[in-house]
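Observations on the model geometry
For reference, the chains in residue letters:
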Amino acid sequence: MKKDLIIIGGGPAGLAAAIAAKEAGVDDLLVIERDAVLGGILNQCIHNGFGLHTFKEELTGPEYAGRYIEKAKELSIPCECGTMVVDLALSDDRKLVTVMNKQKGLYTIEAKAVILAMGCRERSRGALNIPGYRPAGIYSAGTAQRYVNIEGRMPGKEVVILGSGDIGLIMARRMTLEGAKVKVVAELMPYSGGLKRNIVQCLDDFGIPLKLSHTVVDIKGKERVESVTLAQVDEKLKPIPGTEEEIACDTLLLSCGLIPENELSTALGVAMNPVTNGPLVNESLETNIEGVFACGNVLHVHDLVDYVSEESALAGRKAAQFLTEGLARPDRTISIRAVNGVRYTVPAMLDLSRMEEKQLVRFRVGNVYQDAAVVVSAGGQELINRKKKVFAPGEMEQVILTKKQLSLIPELEELVIEIREAKQGEGR
Amino acid sequence: MSISTREFVCIGCPLGCNITVEHDEGQIKSITGNTCPRGAEYVTGELTDPRRIVTSLVKVEGGELPVVSVKTRTAIPKDKIFDCTRALRDIVVSAPVHMGDVVAADICSTGIDVIATKTVERG
Ligand SMILES: Cc1cc2nc3c(=O)[nH]c(=O)nc-3n(C[C@H](O)[C@H](O)[C@H](O)COP(=O)(O)OP(=O)(O)OC[C@H]3O[C@@H](n4cnc5c(N)ncnc54)[C@H](O)[C@@H]3O)c2cc1C
Ligand code: SF4
């Protein structure tokens, strides 16, 4: 089988990319999704708070996904569900996509272009470094979310949650509303990794305590969890003896962060950014392999799905351009160097001849900065200096570069992006 | 007159200001700690009529999935949250259920409907 464009993953990223590519004139395309249904992680995120930016409404996850699934249907975009991509390889400039489907077995599709939109997964239990038994009753927060919200099963009645990322916070509320007692949320760091909005609405609203600088040091129970022991940690994140507290519970949820799912990308030889664990991409969201694009959580972990949709539409447009008129090979590549508090940027480089009039550059900061400014400069010349009351690691930031502005600078090879602060915050 | 104070964390933006409100049985006397007017709006709402959109699940009979996700169409008073989820636990709907279908009208006499946020076909 041959296709012009294969999109791997039918979550919000894959759907938005497919829609944009189709609208830009690519007819011979296919979305491949391993789940039985489209929509990705949104299907299990039944809480509200999606689409505030795009639709000016607070939708739930399934409702937000529904809008894109409808659109894809309207445009007659073919989607193969229940089909998993198991290998990606190159043969000259063709991409060989090997897929596995229960009915059709294993087969290979030859594609001219590929969009990677596989999303991310939770960090494994390895994060929990505790000796002893592994009784039943220990789940990752995302797995618990799936049990409760899709299968309608409750994992337990008395719950302790380790990790205060957004999924952990949302599950604390979810399980409380379903009648469980969430005893405490413990966080190793001195600040929460979740959005403040979620701390207030998911914990404070229900009187669930958040213990910062705490970790689990022991789990009791052979068949099933009977209790966990928490202890406070010092600045080096080592448990402080004498601070142990045993808490009876039958369930421990682990919310230890997300990591882009890039086994396939690596197999293909896609160059990765060690900071994001996602591919290094240019202004077209194209990887180092010509005709291979990436978007959504597989590229960098997003907390707002609106940004995923926007970013993915760009990948779709650029893939279409690659297929129809051909993308010029990079000619004047400008790298973007992230320093002083800026952890990374997407894209990491851009080409003047290929960029659209306006180029969005997204980034995250490594700490909380108050009354600071994000500054973009070229050889000491400031191009952007935008002040903001707060920059926080939990919130993705952006700056917009214009082609016009960049073309005026002779021999531009590198842009530097940094945070300049008045004073530094203590955490959130 | 009995002035009491309440502390809030504003969720308007990531700054998360700690805001103190002095009030006399709900009559606001002073608001301090907010950096911008949105913070004052937020705490006024929180003090006089705190509301939340509630999202939960309802059992489905004969569907491709055993449950369907639902939400209150608009925010309901915060003190009705648990009544609402308790009431939803006793409801069973038959498949198919479509996104936007009313699953429970006027939940707990709030005047607000609970609607399905997902489509569950017959299974
Ligand atoms: C618990 C949680 C809560 C969130 N809350 C909010 C919120 O309140 N507001 C908000 O705006 N955003 C929220 N987000 C963020 C938002 O949901 C995500 O950023 C968005 O869903 C990412 O989209 P995606 O398409 O990149 O990834 P996903 O939705 O994960 O989709 C990836 C898809 O690819 C498929 N796939 C992976 N590998 C393969 C393969 N080899 N073959 C075939 N298919 C494959 C997967 O099955 C999946 O369907 C939340 C995220 C999580 C996890
Ligand atoms: S008061 Fe204003 S600045 Fe402070 S958290 Fe609320 S919205 Fe942000």
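Computed from a prediction, not measured in an experiment: that's the story for all the values here.

**Here we look at the nonpolar core**
In terms of nonpolar packing, the biggest core is built from 64 residues, with Leu5(A), Ile6(A), Ile8(A) and Leu116(A) touching the most fellow members. Of all hydrophobic cores here, the second largest spans 44 residues; its members include Ile46(A), Ile161(A), Cys202(A) and Ala95(B).

**Quick notes on the domain arrangement of chain B**
Each domain of chain B was delimited in the assignment, giving domain 1 (4–48) and domain 2 (55–116). Measuring from the centre of the C-alpha atoms in domain 1 of chain B to the corresponding centre in domain 2 of chain B gives 32 Å.

**Regarding the pairing of strand E12 (residues 181–187) of chain A**
All names here are of chain A. With respect to burial, E12 is a largely interior element, 5 of its 7 residues being buried. Pairing between strand E11 (residues 158–162) and E12: 5 bridges, direction parallel. Counted as the bridge partner of valine 159 is valine 182 from E12. The parallel pair E11 and E12, bridged by helix H4 (residues 166–177), forms a crossover whose chirality is right-handed. Crossover handedness for the path E12 to helix H5 (residues 196–203) to strand E13 (residues 210–212): right-handed.

**Observations concerning unusual backbone geometry**
Of all residues except glycine, most have a negative phi; of all peptide bonds, most are trans. Note that the residue after Val346(A), namely Pro347(A), is joined by a cis bond; omega there is 0°. Tracing the chain through its elements places Pro347(A) in the loop between strand E23 (342–346) and strand E24 (349–351). Of note, the bond from Ala95(B) into Pro96(B) is cis; its omega dihedral lies within 30 degrees of zero at 0°. Phi at Asn340(A) takes a positive value of approximately 40°, unusual for a residue other than glycine. When you line up the elements, Asn340(A) lands in the loop between strand E22 (333–338) and E23. Residues other than glycine seldom take positive phi values, yet Cys108(B) does so here, at roughly 45°.

**Describing the side chain of Ser312(A)**
Residues and elements named next belong to chain A. Along the chain, serine 312 falls in helix H7 (residues 305–324). Judged by relative accessible area, serine 312 falls into the buried class, the value being 0%. Once you skip the residues sitting within four places of it in the chain, serine 312 turns out to touch Ala13, Ala16, Ala17, Cys295 and Gly296.

What counts, and at which threshold
Residues numbered from 1 in each chain as written. Chains lettered and ligands numbered in written order. Predicted model: local features only at pLDDT ≥ 70, side-chain atom pairs only at ≥ 80, totals over all residues. Heavy atoms only, no water. Core = buried A, V, L, I, M, F, W, Y, C linked by side-chain atoms within 4.5 Å. Buried < 20%, exposed > 50% of the residue type's maximum accessible area, 1.4 Å probe, protein only. Domains from an automatic or database assignment. Helix = DSSP H or I, 4+ residues; strand = E, 2+ residues; numbered from the N terminus. Pairing = 2+ DSSP bridges. Right-handed = clockwise from strand over helix to strand, strands pointing away. Contact = heavy atoms within 4.5 Å.

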